[in-house]
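Spelled out, the chains give:
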Amino acid sequence: MKAGPSQEEIRRHNLGTLLRHVHIGGSMSRAVLADRMGLNRSTILGLVSELASVGLVREELPRDTGRAGRPSLVVRPESDQVYVLSFDVGVERLTAARIGLGGVFLDRRETRVRPDRRDAGEVTEVLAGFARQMMDTARHGTNCVGVGAAVRGTVRRTDGLVRSASYIDWEDEEFGAGLTRRLDLGLPVAVGNEASLGALAEHLRGAGTGCQDLVYLHGDIGIGGGVITGGQLLGGDCGYGGEIGHMVVNPRGGRRCGCGARGCLEAEAGERALLEAAQRDPSATGREAVRAVIEAADRGDISARAALHDVGDWLGIGVANLVNILNPRTVIFGGTLREVFLGSAAQIRSRINSHALAASRENLRLRVGELGDNGVLIGAAELAFSTILAGPLEALARTTP
Amino acid sequence: MTATPILQLRGIDKSFGPVQVLHDVAFDVHPGEVTALVGDNGAGKSTLVKCIGGIHPIDGGTYRFEGEQVQVHSPRDAAAMGVEIVYQDLALCDNLDIVQNMFLGREKRRGLVLDDATMEEMAAKTLEGLSVRTVKSIRQQVSSLSGGQRQTVAIAKAVLWNSKVVILDEPTAALGVAQTAQVLELVRRLADNGLAVVLISHNMNDVFAVSDRIAALYLGRMAAQVRTSDVTHSQVVELITSGRSGDLGLAHTNGATA
């Protein structure tokens, strides 16, 4: 039995923690780092030197402190040198980005696709093509340290197997393994559910910064969900947790859901429910169609108003359940649900205030996502960065060309 | 969720000649929160705001700011305390650029000339602090801006002066859906940055989307001031239209009281 962590383990942990601080918080002085990590300044100096020697951080003079006296150096992440690849298999588009340490977008590519069945091999080819282009434009000596991808479906945590993604008709698709082989970078591709990654992104860099308990609801073709509790993403046993869109709110006589059940939140409050209730052309789908309904409601169109009223009602019921079960500090509406929330906030709030327990809803904040379309890509990048943040030197040793 | 209000009004009365517009009004505004001020046309919302801003002197009642009782005789007094009001018409000059507008009447000087560099830097810093990304250049003329961008500039102008309380009169009334969303996000960000924000609005979705508290005026009286997490849409509508809803609101609202 081990008595406790070894010196070496503690040092690895500290290196990772320091790197995480500058990765998330941006440039900061050693004094601030010492304060935040609760370590003395000489230890911090040692850690910074070690990370600097392998090219993960750099020390430089701050641009302008506006204060008198000699400015102290700040520790900066090497955003241009160390990066990850991030992919999003969306409903209407495939997106890829090269994101530097510190969360800086260095490059971004996207292509529009038809929203229907897609062969996993084709998707992999397109994404690998993007990866090739983006890595070719990267300067010599730069270092790719991870790859992350987002899919709107249930994804097995251990190996990135996509159990089901109905919008592209995938079932038990070895997407993670396939993309890993195709890219051939010697790095395993980490695959995650898009709303879970969106939750992670908003938690680290968006509307949920500093909030340890939040629920993120992402609307596009369906309703995805991601839950952060105690600062950690809730995945459950195998990583399938957080499917808020399939929370049952209206099982008796409710609408049929894509998953086969009746009365899921997604079936009652998703894009299709809104467009059908507003009597829109069934062939028009996607974000533009949702926006058109909200704009019509704003102009006074009664069927659009009634549709938003209904959808807001169901969303409020869904959120009230989540508030009772999880007691989040913040609930964030992203994707098309951002507009839907702003257009039906009165209904949503009223439902929460009548159904959620008073103590649980007391400090609840409802917010819209701040990261917009890039949220999912940022989340996938954070997933990709997690290896290097867990053990910077070991991870780097594996990837250095 | 701070316990002490930064702005606290009690027993405010205001008449214009024989017409009593505000009657015994109590109103609290908390830092870090958005307080929505709602009420029907003629309920006294604008008059109340103008009393807070020092445009109308109050006839009676107490005005406390940061716990101290104060006398506010002019908009300058209010501005000196850190109370800024953004009116519906925005009061921006079309022929001036964003920086000039933000400093209009309060220009920074260096000796005899205007200190353009400092003003530009302050304006840029303020817009950046509010995460405003919709404006391309701060040297753009205001005439070239959209409605939402104008509103953004007007709000940034109010925030520039280290203000503590920002009052917004119907900031989304004339805007489309996308621009409304931007302005509401900005309103929320102001409060999340620690400011006390008062939002006057007729749109219940806006009110429920961003507010922490709702104050409902009914015929010149404060019907109720409640937390947004404690009421439903229909209760607020009842407070606005009849002055009471269940246990909430005024005791007698049949117009018989003086």
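Up top you'll find the structure we're talking about.
Residues numbered from 1 in each chain as written. Chains lettered and ligands numbered in written order. Predicted model: local features only at pLDDT ≥ 70, side-chain atom pairs only at ≥ 80, totals over all residues. Heavy atoms only, no water.

Asks: Help me understand the overall build of chain B in this model?
Replies: Helix and strand counts for chain B stand at eight helices and 14 strands. Here the C-alpha atoms of chain B give a radius of gyration of 19 Å, agreeing with the 18 Å that 2.2 N^0.38 yields for 258 residues. For the C-alpha atoms alone, the extent of chain B along its principal axes is close to 60 × 40 × 35 Å. Out of the 258 residues in chain B, the part that is buried amounts to 51%. Counted over contacts in chain B with a minimum sequence separation of 6, partners at least 24 positions apart contribute 64%. Carbon and sulfur atoms provide 49% of the accessible area of chain B, an area that totals close to 11400 Å². (Helix = DSSP H or I, 4+ residues; strand = E, 2+ residues; numbered from the N terminus. Rg over C-alpha atoms; globule rule 2.2 N^0.38 Å. Buried < 20%, exposed > 50% of the residue type's maximum accessible area, 1.4 Å probe, protein only. Contact = heavy atoms within 4.5 Å. Areas by Shrake-Rupley, 256 points an atom, 1.4 Å probe, with all protein chains shown as cover.)

Asks: How do you make sense of the interface of chain A and chain B when you look at a structure like this?
Replies: The extent of an interface is frequently quoted as the accessible surface area lost upon association of the parts. Tallying the contact residues gives 22 residues for chain A and 20 residues for chain B. Both sides of the chain A and chain B interface together cover about 1800 Å² of buried area, and 49% of this is carbon and sulfur. Sorting the residues of chain A by area buried against chain B places A:Leu342, A:Arg349 and A:Arg367 first, and these three jointly supply 26% of that buried surface. The interface formed by chain A and chain B includes three salt bridges. The shortest N-O distance in the salt bridge between A:Arg367 and B:Asp192 comes to 3.0 Å. Taken together, the links from chain A to chain B amount to 10 residue pairs in polar contact (both at pLDDT 80 or more). Taken together, the elements giving at least two residues each to the side of chain A that touches chain B come down to helix H9 (287-299), helix H11 (337-355) and strand S16 (365-368) of chain A. Residue contributions to the side of chain A that touches chain B peak at 12 residues, all from H11(A). Counted by class, the side of chain A that touches chain B contains seven nonpolar, seven polar and eight charged residues. (Buried area = accessible area lost by both parts, 1.4 Å probe. Salt bridge = Lys/Arg side-chain N within 4 Å of Asp/Glu carboxyl O. Polar contact = N/O pair within 3.5 Å; in protein donor to acceptor, adjacent residues only side chain to side chain. Nonpolar A, V, L, I, M, F, W, Y, C, P; charged D, E, K, R; others polar.)

Asks: Even after reading the chapter, I still don't get the pairing of strand S10 (residues 170-173) of chain A, so can you show me in this structure?
Replies: One face of the sheet, then the other: side chains in a regular strand alternate in exactly this way. Residue and element names in this part refer to chain A. As paired elements, strand S9 (residues 162-165) and S10 share three bridges and run antiparallel to each other. Across the sheet, the residue bridging to Ser164 is Glu171, located in S10. If you look at the hairpin formed by S9 and S10, you'll find four residues sitting between the two strands, and Asp169 has a positive phi there, around 60°. (Pairing = 2+ DSSP bridges.)

Asks: Would you take a moment to explain the sheet that holds strand S3 (residues 34-39) of chain B for this structure?
Replies: Backbone-to-backbone hydrogen bonds pair the strands of a sheet. The strands run either parallel or antiparallel. Residues and elements named next belong to chain B. Spatial strand order, S6-S9-S10-S3-S11-S12: six strands in an open sheet with mixed pairing. Taken across any chain shown, the strands that pair with only one partner, and hence form the sheet edges, are strand S6 (83-86) and strand S12 (221-227). The mean inter-strand angle of the sheet, taken between neighbouring strand axes irrespective of direction, is 20°. As defined by bridge partners, S3 adjoins strand S10 (residues 196-200) across four bridges and the pair is classed as parallel. Paired with Thr35 across the strands is Val198, a residue of S10. Here helix H1 (residues 45-52) sits on the sheet in contact with S3, S6, strand S9 (165-169), S10, strand S11 (213-218) and S12, set at roughly 135° to S3. Along the sheet, helix H8 (residues 233-242) contacts S3, S11 and S12; its crossing angle with S11, the most-contacted strand, is approximately 25°. (Axes fitted to C-alpha atoms, helices over the stretch in contact; angles between N-to-C directions.)

Asks: For this particular structure, what's the right way to read H9(A)?
Replies: An α-helical turn contains 3.6 residues, so any two residues separated by three or four positions project in the same direction. Residues and elements named next belong to chain A. Helix length check: H9, at 13 residues, gives a terminal C-alpha distance of 19 Å against a target of 18 Å (1.5 Å per residue), a fit within 8%. Taken as a whole, H9 has its buried residues at Ala289, Val290, Val293, Ile294, Ala296 and Ala297. Axial view of H9: buried residues confined to an arc of 160°, hence all on one face. Of the exposed residues in H9, those oriented more than 90 degrees away from the buried face are Glu288 and Arg299. Positive backbone phi, approximately 110°, marks Gly300, located one or two places after H9. (Expected span 1.5 Å × (residues − 1). Arc of directions from axis to C-beta.)

Asks: Any chance you could explain the sheet that holds strand S5 (residues 68-69) of chain B here in plain terms?
Replies: All names here are of chain B. Overall, antiparallel pairing links the four strands, which are arranged S2-S1-S4-S5 in an open sheet. Looking along the sheet, the strands with just one partner apiece sit at the ends: strand S2 (19-29) and S5. As paired elements, strand S1 (residues 7-16) and strand S4 (residues 60-65) share five bridges and run antiparallel to each other. From the neighbouring strand, Leu9 faces S4, where its bridge partner is Tyr63. Sitting on the sheet, H1 touches S1, S2 and S4, and the angle it makes with S2 is about 65°.

Asks: Whenever I open this one, the pairing of strand S11 (residues 189-193) of chain A confuses me. Can you help?
Replies: All names here are of chain A. Counted residue by residue, S11 has four buried out of five residues, so it is predominantly covered. Across five bridges, the pairing between strand S7 (residues 143-151) and S11 is parallel. The residue of S11 that forms the bridge with Gly148 is Ala190.

Asks: Just checking my understanding: could you explain the pattern of salt bridges for this structure?
Replies: Any two side chains of opposite charge can pair, so long as their charged atoms come close to each other. A complete count under the given rule lists 38 salt bridges over all chains for this structure. When the shortest N-O distance is used, the salt bridge between A:Arg108 and A:Glu110 registers 2.9 Å. On the accessibility criterion, A:Arg108 (35% relative accessible area) is partly exposed. One salt bridge in this structure joins A:Arg163 and A:Asp172, with 2.8 Å as the shortest N-O distance. Exposure remark for A:Asp172: the relative accessible area of 45% places this residue in the partly exposed category. Within the structure, one salt-bridge network assembled from shared partners comprises A:Glu288, A:Arg291, A:Arg338, A:Glu339, B:Glu185 and B:Arg189.

Asks: Honestly, the packing of helix H1 (residues 7-25) of chain A against helix H14 (residues 392-399) of chain A in this entry has me stumped. Any pointers?
Replies: Pairs of packed helices are described in terms of their axes, by the angle between the two and the distance that separates them. Residue and element names in this part refer to chain A. Contact geometry of H1 with H14 gives a least axis separation of 8 Å together with a crossing angle of 85°. By the angle between their axes, H1 is roughly perpendicular relative to H14. Across the interface between the two elements, Arg12, Leu15, Gly16 and Leu19 from H1 touch Pro392, Leu393 and Glu394 from H14. A class-by-class count of the residues in the contact of H1 with H14 yields four nonpolar, one polar and two charged. (Parallel < 35°, antiparallel > 145°, perpendicular 65-115°, else oblique.)

Asks: Explain the environment of A:Val248 to me, please; I cannot follow it from the model alone.
Replies: Tracing the chain through its elements places A:Val248 in the loop between strand S14 (232-233) and helix H7 (265-269). Through-space distance from the C-alpha of A:Val248 to that of A:Arg70 is 61 Å; in sequence the pair is 178 residues apart.

Asks: Explanation requested: the nonpolar core in the structure shown.
Replies: In globular proteins that are soluble, nonpolar side chains generally tend to be buried together. Core analysis: the biggest nonpolar cluster contains 98 residues, and A:Phe333, A:Val340, A:Phe341 and B:Ile214 have the highest contact counts within it. Setting aside residues no more than four positions away along its own chain, A:Phe341 makes contact with A:Phe333, A:Ile348, A:Leu366, A:Val368 and B:Ala209. By size, the runner-up hydrophobic cluster in this structure holds 31 residues, among which are A:Phe87, A:Leu127, A:Val147 and A:Tyr167. (Core = buried A, V, L, I, M, F, W, Y, C linked by side-chain atoms within 4.5 Å.)

Read these as geometric descriptors, not functional statements.
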